[in-house]
Amino acid sequence: MWVNAQVQLKGNVKNNQEAIGWANVILLNTDGKPATGDLTKEDGSFQLKIKTGIYKLKISFVGYETLEKQLVIEKDTDLGTLQLKAQGNNLNEVVVVAKKKMIEYKADRLIFNVEQSVMASGGNAINAIGSAPGVLLQNDNISLLGKGSARVMINGRMLELTGQELINYLSSIAASDIKSIEVINNPPAKYEASGDGGLINIVLKKGAINAWKNSTNLAYDQSRYGFLSLNNSFFYNKDRLKFSFNAGGKVGNIKSREDLDTFYPNGVWKLKSEGKGKQDNVTTGMALDYDLSRKTTIGVQYLGSFNNPDRADHTSIEMNDVNHRLQSVLVTNAANDLNNKSNTYNAHLVSTLDTLNRKISVDLDYFSYGAKIDNNFVSNTFLPSGEFLNTNQSARNISNQNINNFGLKIDMEHPFKFFNLSYGVRFSFVNSKADVKYYNTIGGTPAFDPNRSNEFDYKERNQAFYLNGVKQLGTKLSLQLGLRLENTQTEGYSFTINQKNTNTYLKLFPTVYLSYQKNENHNFAFSYGRRINRPSFANLNPFRSYLNSTSYSEGNPFLQPSFNDNFEFTHVYKGNLRTNIFFNVTTDGFGVIFTSDANTNTQVISRQNYFREYYYGIGETYNINVGNWWQSQNMVYLLGSKTNFTNAINATPKNGIQLYLSTNHTFAIGKTTKLQADFFFTSKVKRGLYEVGNMYGLNVGLRQDLIKNKMQVSILANDIFNTAYLKNYTSVVNGIKQVYSENNSSRFFRLSLAYNFGNTKINVKNRGFGNEEERKRTN
């Protein structure tokens, strides 16, 4: 049956002026059997597709009287506001059990409801993202299980930050300000095509209608060192005006640890590095929306982050001979004065054009990022006895980076009788300036060294157009087709070596979604998407940056973007058991290559396009609720890869099978106490150039609600066994084996306190930023 035999029924469920989310909406046919149904969204709205005919509408929610209404549906119908009345008898005895699930599955994404997670209480956006199923955090990288590095969005707009800069920024966002985390494996055509591992969308909260609310959160984290976090959020929503303001900060320190063993032919070099880094930062944000009319809204938004993550590092390299006898020790002490700040501005307009619900939205965005690193270090050589031998190197390294990005985005939603169409355009302009000044201080007086200094400018222009259509093919089958066209021009110029590199490419990115609802127990879905992974700005800088006297890092101005074709099939049984099969192909894959010279014992860190990869897997996810006291989410995946090297690097591809499993349990101990225990395990894996050791971790958290749920006290023991960190990260290039491990205070204890007053009901209608794609690659 084609879609023209169907019409749309919509409405909004409220109790007085308060929206009722997650209410049951059911349409019964003349035989009294369910014809269709759904849950209301958090704003109380619902929308159903149904054939014309006679029906009975039933809306129910625990604690309210059921609403029944006879309907004769002949055309698209808007029922307006439907009022549910609170039950008049024994209201004090009503226990509301229809709570939101911690994990929900939609056609194109997984939704992790942060508000339901004990683990995220008192934490930040990094803690919230790390608690989401299938999201992996390691080595300053956020990736999706079975995919790759993920792009991060806030309210639908991409962050143009990566690596440590992205971690710092997300660490400044309080988890208490986050409503949910959306994990999108194959993003629709509306979103930027950049990123090989899908998208993570952070959805922020906003205040309820005709109400105000204030939320204050205080948390203390303790590992080797400790730091204190304080965040406050205020929401005001009255008539046509919606306003929110938040501010927060952190102060304290965190420990980091790195180990690298390099197996040279003439002996093993063992590097050990420990750092003490400040967590000092201040963040602020503001959002203002005003309804010009019932159909048009304008607004502005600002996010600011100001960080001072100074570090003190102590690094030692033990140099052994072929018989494992210590020959000398190179000790480097470094003091890093670090400052970075970002400012993001957005102005937007959303307007419904007519009674056909055609809608246009326009976003203007500006983003600026600035970072300064002042690194003073001294490297001394000692004999095995501890006797001082010489000063190997002494220097001051000052680097600056400034990025400015302007973006314009226009989106149009255009429903037709036979299908729903959306289309839009996006223009992005990026300017990046970076410089490094190197001063040799071994003689006591700083001497500028032009051969180790650099200045690099980078420009990028991107124009994009997308088209996306959704069609309901009968009552059980739906189809979504999308196509995105992106045109990109880049220019990089190194003043130091007087080298300019330009690149221009025009690419198409198709997406396909096919969903089949066999019956109420079985749902099948297939999706395909093509994506692009662009190099970060720093990776295109050809300059050599010396890490110490034995190693340096260099970018590659000829680095090309890689492309990913992602295929995914999913079956969901009774909404609880989810089977997922995927197959991904990466072309022109690029990455970091650690190359060691056996003659000079020098390590070179470079970036190259060097592989083509086939990555595949199958997984099962099972969610179950036992009564009202136990929620359980369980996941197991079997993953594999086949990699071919496409250039002449002196290495052999590694291919193997990986097992990943996780189990998360939340227990309700009475009405006001929750206990949560999470465990994950990933086996050793060989993939491409690298081999990684196994990891596992156990987290336990407890949350107690006080003062009629206005106050929450939470405690968390994270990675109790101190095993959930990157270890045995191994590569062999030029016959030289290197083994790397990193632990940035994986095990810690947190105590947090949250207090809310005002209206405690939250709904979400927030804006993000339209230039997020450029903000990711500033590392």
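Residues numbered from 1 in each chain as written. Predicted model: local features only at pLDDT ≥ 70, side-chain atom pairs only at ≥ 80, totals over all residues. Heavy atoms only, no water.

## Considering the overall build of the chain
The condition that has to hold: Elements are defined by DSSP. Helices are runs of H or I of four residues or more, strands are runs of E of two residues or more, and each kind is numbered from the N terminus. Under the scheme applied here, a residue whose accessible area is under 20% of the maximum for its type counts as buried, over 50% as exposed, and between as partly exposed, the area being computed with a 1.4 Å probe on protein chains only. In this analysis, two residues are considered to be in contact whenever any of their non-hydrogen atoms come within 4.5 Å of each other. Note on areas: these come from Shrake-Rupley sampling with a 1.4 Å probe, and a residue is covered only by the protein chains present in the view.
The number of helices and strands found in the chain is two helices and 50 strands. Considering the chain as a whole, with its 779 residues, one finds that 53% of them fall into the buried category. Partitioning the intrachain contacts of the chain with sequence separation of at least 6 by distance along the chain shows that 65% fall at a separation of at least 24. Taken as a whole, the chain presents about 34600 Å² of accessible surface, with 55% of it coming from carbon and sulfur.

## A word on the side chain of N380
For the record, the criterion: In protein, a polar contact requires one atom able to donate a hydrogen and another able to accept it; more generally it is a pair of N or O atoms within 3.5 Å, and residues adjacent in sequence count only if both atoms are side-chain atoms.
Summarising the element assignment, N380 is placed in strand β26 (residues 359-382). In this structure the side chain of N380 is engaged in a polar contact, spanning 2.9 Å, whose partner is the side chain of T391. The contacts of N380, once residues within four sequence positions are left out, are V329, L330, V331, F388, N390, T391 and N392.

## What to know about the pattern of salt bridges
What counts, and what does not: The salt bridge criterion pairs a side-chain nitrogen of Lys or Arg with a carboxyl oxygen of Asp or Glu, the two atoms within 4 Å.
Counted by the stated rule, this structure contains 23 salt bridges. The salt bridge partner of R257 is D259, with a shortest N-O separation of 3.0 Å. Here R257 falls in the partly exposed class, since its relative accessible area comes to 26%. One salt bridge in this structure joins R530 and D565, with 2.7 Å as the shortest N-O distance. Here D565 lies in strand β36 (residues 562-573) and R530 lies in strand β33 (residues 522-533), a separation of 35 residues in the sequence. Here the salt bridges share partners, and the residues they tie into one network are K255, R257, D259, K272 and E274.

## Some thoughts on the environment of K518
Within the secondary structure layout, K518 lies in the loop between β32 (499-517) and β33. The partly exposed category is assigned to K518, whose relative accessible area is 41%. Put simply, K518 and K476 are 42 residues apart on the chain and 6.3 Å apart in space, counted from C-alpha to C-alpha. Among all residues touching K518, those that are not within four sequence positions of it are K476 and F524.

## Thoughts on the sheet that holds strand β15 (residues 178-184)
Through backbone hydrogen bonds, the strands of a sheet pair up, either in parallel or in antiparallel fashion. Where we set the bar: When DSSP finds at least two bridges between two strands, those strands are taken to pair.
In spatial order, the strands read β9-β10-β15-β16-β13-β14; together these six strands make up an open sheet with mixed pairing. Each having just a single partner strand, β9 (103-105) and β14 (157-158) make up the two edges of the open sheet. Where β15 and strand β16 (residues 199-204) come together, six bridges link them in antiparallel fashion. Its bridge partner being in β16, S180 is matched across the sheet by V203.

## Points about unusual backbone geometry
Positive phi outside glycine occurs at N498, with the angle close to 50°. Position of N498 among the secondary structure elements: in the loop between β31 (477-494) and β32. Its identity is not glycine, yet N709 carries a phi of approximately 70°, on the positive side. Structurally, N709 is set in the loop between β45 (695-706) and β46 (711-718).

## Overview of the packing of aromatic side chains
Aromatic ring pairs are defined here through the distance separating the ring centres and the angle between the ring planes. To keep things clear, this is the line we draw: Any two of the Phe, Tyr and Trp rings considered here, Trp counted by its six-membered ring, make a pair once their centres fall within 6.5 Å; the pair's planes then place it as stacked at under 30 degrees, edge-to-face at over 60, or tilted in between. Charge-over-ring placement is defined geometrically: NZ (Lys) or CZ (Arg) within 6 Å of the ring centre, and within 35 degrees of the ring normal.
Under the definition given, this model contains 26 aromatic pairs. Taking 4.6 Å as the distance between ring centres and 80° as the angle between the ring planes, the aromatic pair formed by Y493 and F495 counts as edge-to-face. Measuring from centroid to centroid gives 6.5 Å for F567 and F583, while their planes differ by 35°, and the two rings are tilted. Of this pair, F567 sits in strand β36 while F583 is found in strand β37 (residues 577-597), placing the two residues 16 residues apart along the sequence. Here F567 falls in the partly exposed class, since its relative accessible area comes to 33%. Since its relative accessible area comes to 35%, F583 is described here as partly exposed. Here the aromatic cluster, defined as three or more aromatic residues joined through ring pairs, consists of W212, F234, Y755 and F757. Taking NZ or CZ as reference, K276 lies 4.7 Å from the ring centre of Y225, over its face. Geometry around Y725 places K727 over its ring, the cationic atom sitting 4.5 Å from the centre.

## What to know about the pairing of strand β25 (residues 326-352)
Of the pairings in the sheet, the one linking strand β23 (residues 296-308) to β25 comprises 12 bridges and is antiparallel in character. Its bridge partner lying in β25, T297 is registered against V350. Turn length for the strand β24 (residues 311-320)-β25 hairpin, with the two strands adjacent in sequence and antiparallel, is five residues, and the turn residue H324 shows positive phi of about 65°. Judged from the 24 bridges that link them, β25 and β26 form a sheet pairing that is antiparallel. Counterpart to N340 in the pairing with β26 is A371. Counted along the chain from β25 to the antiparallel partner β26, the turn is six residues long, and its residue N357 has a positive phi close to 65°.

## Observations regarding the environment of Y345
With respect to the helices and strands, the residue Y345 is situated in strand β25. Looking at Y345, the relative accessible area reads 39%, which means it is partly exposed. Residues Y345 and Y302 lie 43 residues apart in sequence; the distance between their C-alpha atoms is 4.7 Å.

## Here we look at empty space enclosed by the protein
Condition: Cavities and pockets are defined on a 1 Å grid built over the protein atoms alone: a cavity is a set of grid points where a 1.4 Å probe fits but cannot escape, while a pocket is an open set with protein on both sides within 12 Å along at least five of seven lines, and lining residues are those with an atom within 4 Å of any such point. Grid points are joined across faces, edges and corners, and a volume is the space filled by probe spheres set on the points.
Considering all chains together, one arrives at 11 cavities of 30 Å³ or more under this definition. Space inside the second largest cavity adds up to approximately 280 Å³. Lining the second largest cavity are 25 residues; nearest its centre among them are I173, D177, L204, N246 and L303. Of all the secondary structure elements, the ones that give two or more residues to the lining of the second largest cavity are β19 (226-238), β20 (241-264), β22 (280-291) and β23. Top element by residues in the lining of the second largest cavity is β23. It accounts for five residues.

## A few points about the sheet that holds strand β4 (residues 34-39)
To keep things clear, this is the line we draw: Note on geometry: axes are lines fitted to C-alpha atoms, helical ones only across the stretch in contact, with angles between N-to-C directions running from 0 to 180 degrees.
The strand order β4-β3-β6-β7 describes an open sheet built from four strands, whose pairing is antiparallel. Edge positions in the sheet fall to β4 and β7 (67-73), since each has one partner strand and no second. Between one strand axis and the next, the sheet turns through 20° on average, direction left out of account.

## Details of the nonpolar core
The nonpolar side chains of soluble globular proteins are, as a tendency, buried together. This is how the line gets drawn: Grouping buried Ala, Val, Leu, Ile, Met, Phe, Trp, Tyr and Cys residues that are joined through side-chain atoms within 4.5 Å yields what is termed a nonpolar core.
Of all hydrophobic cores here, the largest spans 30 residues; its most connected members are I142, L170, I178, I181 and I202. When residues of this core are traced back to their parent elements, those giving at least two are β9, β10 (110-113), α1 (125-131), β12 (141-144), β13 (151-154), α2 (163-171), β15 and β16. For I178, the residues in contact, after removing those within four places along its chain, are V114, E115, A125, A128, I173, I202, V203, L204 and K205.

## So, the environment of D239
Take D239: it is sitting in the loop between β19 and β20. The class of D239 is exposed, set by a relative accessible area of 56%. Sequence separation between D239 and Y290 is 51 residues, and the spatial gap between their C-alpha atoms is 9.1 Å. Residues in contact with D239, not counting those within four places in the same chain, are N210 and D291.

## Some remarks on the confidence of the model for the chain
Our working definition: Confidence per residue, as judged by the predictor, is encoded in pLDDT with a range of 0 to 100.
Here the chain averages 85 in pLDDT, and 90% of its residues register 70 or above. Confidence drops under a pLDDT of 50 for residues 88-99, and excluding neighbours within four residues, the segment shows 13 contacts in the predicted structure. Note on residues 760-767: pLDDT is under 50 here. Beyond four places in sequence and across chains, it has 38 contacts.

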